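# Structure at a glance
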Amino acid sequence: MIVFPNAKINIGLNIIARRPDGYHNLETVFYPIKINDVLEVIEADELIFESSGISIPGDVNDNLCIKGYYLLKKDFPKLPPVKIHLHKNIPIGAGLGGGSSNAAFFIKLMNEKFELGLDADRMEDYARILGADCAFFINNKPVFAFEKGDEFEPVKIDLSAYKIVLVMPDAHVSTAEAYRGVKPAPVKETLYDLVQMPLADWKRHIRNDFEGHIFNAHPVIRGVKASLYESGALYASMSGSGASVFGIFKDTPDLSHLEESCQVFYDV
Ligand SMILES: C[C@@](CO)(OP(=O)(O)O)[C@H](O)COP(=O)(O)OP(=O)(O)OC[C@H]1O[C@@H](n2ccc(N)nc2=O)[C@H](O)[C@@H]1O
Ligand SMILES: Nc1ncnc2c1ncn2[C@@H]1O[C@H](COP(=O)(O)OP(=O)(O)O)[C@@H](O)[C@H]1O
């Protein structure tokens, strides 16, 4: 069985408070975008993980697909061994949730392939264990997210009339680094309301709290955001903990000046 895990962008990201468990309460809007990995799972004599495309840092046993397998196996001991092939296309550590998406799509694929009988809520519960960003990818629809980013309210937001461009500069930001450098603060207006405003107003009201210190540490990312506005973006922002930056345009822009130093994904 083959599925195509997609990436996400964060529209707004406000870090509200540090939690006793060391995580942070936040508000954000997750929005799915069309940059995809390829995930294939077949039955096998033993558990095998192979990948191609972008190489994935870290130990194979820490891969979120493998962690997802063992998580399901604990509750479904009869689950047979599988061979997993993951073709990585989503930039890694980019604020795009690629690994989290792989985990969630793996759970959905195993549920269907082995008829585990899990509904979306149960699959979200499994995904929450694997990471704060994973549960969103079970339903994979635009949502207002809060708590650790794993509790949701549906939000009416449709960007299909616009062109979204995703730019990946030559910079790497770890999620933990991003959280270490941010000062939590309560919000004056909730993102849930702010994203209902006309898109032309977003630039003045919607922000990503990671941008301040991440831009100081990685000025190239600030430069990409400025370049997107200079190229006519109605709204541009770093996605999540970065380093990727997205821009929302009326029409597909010419960003050839960025293509030498960045990976540019048009109309995602
Ligand atoms: C920042 C966000 C915004 O959507 O995504 P990315 O930019 O990474 O895609 C997420 O909060 C990342 O979610 P995810 O990447 O799943 O985080 P996890 O693996 O669960 O946690 C990695 C580390 O990030 C920090 N962390 C994560 C989530 C959260 N609400 N508070 C935190 O403090 C913790 O230090 C944790 O050890
Ligand atoms: N299937 C996977 N794909 C990508 N990264 C993974 C995967 N499993 C675990 N990881 C680890 O997760 C981190 C990147 O996660 P990812 O979701 O791509 O980042 P981000 O959420 O910032 O976009 C890397 O350190 C990588 O080692």
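Structure first, text after, so check above.
Remember, it's a predicted structure, so these values are computed and weren't measured experimentally.

Another point: the pairing of strand β8 (residues 151-154). Pairing geometry for strand β7 (residues 143-146) and β8, over four bridges, is antiparallel. Across the sheet, residue Phe146 finds its bridge partner in β8, namely Glu151. The turn linking β7 back onto β8 is made up of four residues, and Glu147 within it adopts a positive phi angle of 60°.

Relative orientation of the contacting elements helix α1 (residues 64-75) and helix α2 (residues 98-113) amounts to 35°, with a least axis distance of 8 Å. The crossing of α1 and α2 is right-handed. Across the interface between the two elements, Leu64, Cys65, Gly68, Tyr69 and Leu72 from α1 touch Gly99, Ser100, Asn102, Ala103, Phe106, Ile107 and Met110 from α2. The class makeup of the residues in the contact of α1 with α2 is eight nonpolar, four polar and no charged.

A few words on α1. Every α-helix carries 3.6 residues per turn, so stepping three or four residues along brings you back to the same face. With 12 residues, α1 ought to run about 16 Å at 1.5 Å a step, and its terminal C-alpha atoms sit 17 Å apart, in line with that. For α1, every residue scored as buried is listed here: Cys65, Ile66, Gly68, Tyr69, Leu71 and Leu72. Summarising the contacts, the buried residues of α1 are in contact with β4 (38-43), β5 (48-53), β6 (82-88), α2 and α3 (120-130).

Around ligand 1, 19 residues are found, and the nearest of them are His24, Asp133, Lys148, Tyr179 and Ser241. Side-chain polar atom of Asp133 to an oxygen atom of ligand 1: 2.8 Å apart, as the coordinates give it. Between ligand 1 and Ser241, the relevant distance is 2.6 Å, taken from an oxygen atom to a main-chain nitrogen or oxygen of the residue. Against a free-state accessible area of 690 Å², the protein chains account for coverage of 81% of ligand 1. Of all the elements in the fold, those that place two or more residues in the shell around ligand 1 are β2 (6-18), β3 (24-36) and α5 (175-180). Residue composition of the shell around ligand 1, by class: six nonpolar, 10 polar and three charged. Each of domain 1 (2-154) and domain 2 (163-265) accounts for three or more of the residues forming the shell around ligand 1.

Criteria and thresholds
The residue numbering used here restarts from 1 in each chain and proceeds along that chain's sequence as written. Here chains are named by letter from A upward and ligands by number from 1 upward, in the order in which they appear as written. With pLDDT at 70 or above as the cut-off, local features in this predicted model cover only qualifying residues; side-chain atom pairs require 80 or more to be listed or tallied, and sums for whole chains, interfaces and linings still use all residues. The basis for every side-chain value is the complete set of non-hydrogen atoms in the structure, without hydrogens or water. What makes two strands pair is DSSP finding at least two bridges between them. To qualify as a helix, a DSSP run of H or I must reach at least 4 residues; to qualify as a strand, a run of E must reach at least 2; elements of each kind are numbered from the N terminus. To get an axis, a line is fitted to the C-alpha atoms, and for a helix only the part in contact is used. The angle between two axes follows their N-to-C directions and goes from 0 to 180 degrees. Crossings are assigned a handedness: left-handed for a near helix turned anticlockwise from the far helix by less than a right angle, right-handed for a clockwise turn. Residue contacts are defined here by distance: any two heavy atoms, one from each residue, within 4.5 Å place the two residues in contact. Following the grouping adopted for this structure description, the nonpolar residues are Ala, Val, Leu, Ile, Met, Phe, Trp, Tyr, Cys and Pro, the charged ones are Asp, Glu, Lys and Arg, and the polar ones are all others, Gly among them. Between the first and last residue of a helix there are one fewer steps than residues, each counted as 1.5 Å, and that sum is the expected span. Summary of the burial criterion: residues with accessible area below 20% of their type's maximum are buried, those above 50% are exposed, and those between are partly exposed, where the area comes from a 1.4 Å probe applied to protein chains only. Residue proximity to a molecule or strand is established when one non-hydrogen atom of the residue lies within 4 Å of it. Between N or O atoms, a polar contact is any pair within 3.5 Å; within protein, one atom must be a potential hydrogen donor and the other a potential acceptor, and residues adjacent in sequence are included only when both atoms are from side chains. Residue-level accessible areas treat just the shown protein chains as cover; the underlying method is Shrake-Rupley with a 1.4 Å probe. Domain segmentation is taken from an automatic or database assignment of domains.

It is worth stressing that arrangement in space is one thing and function is another; only the former is reported here.
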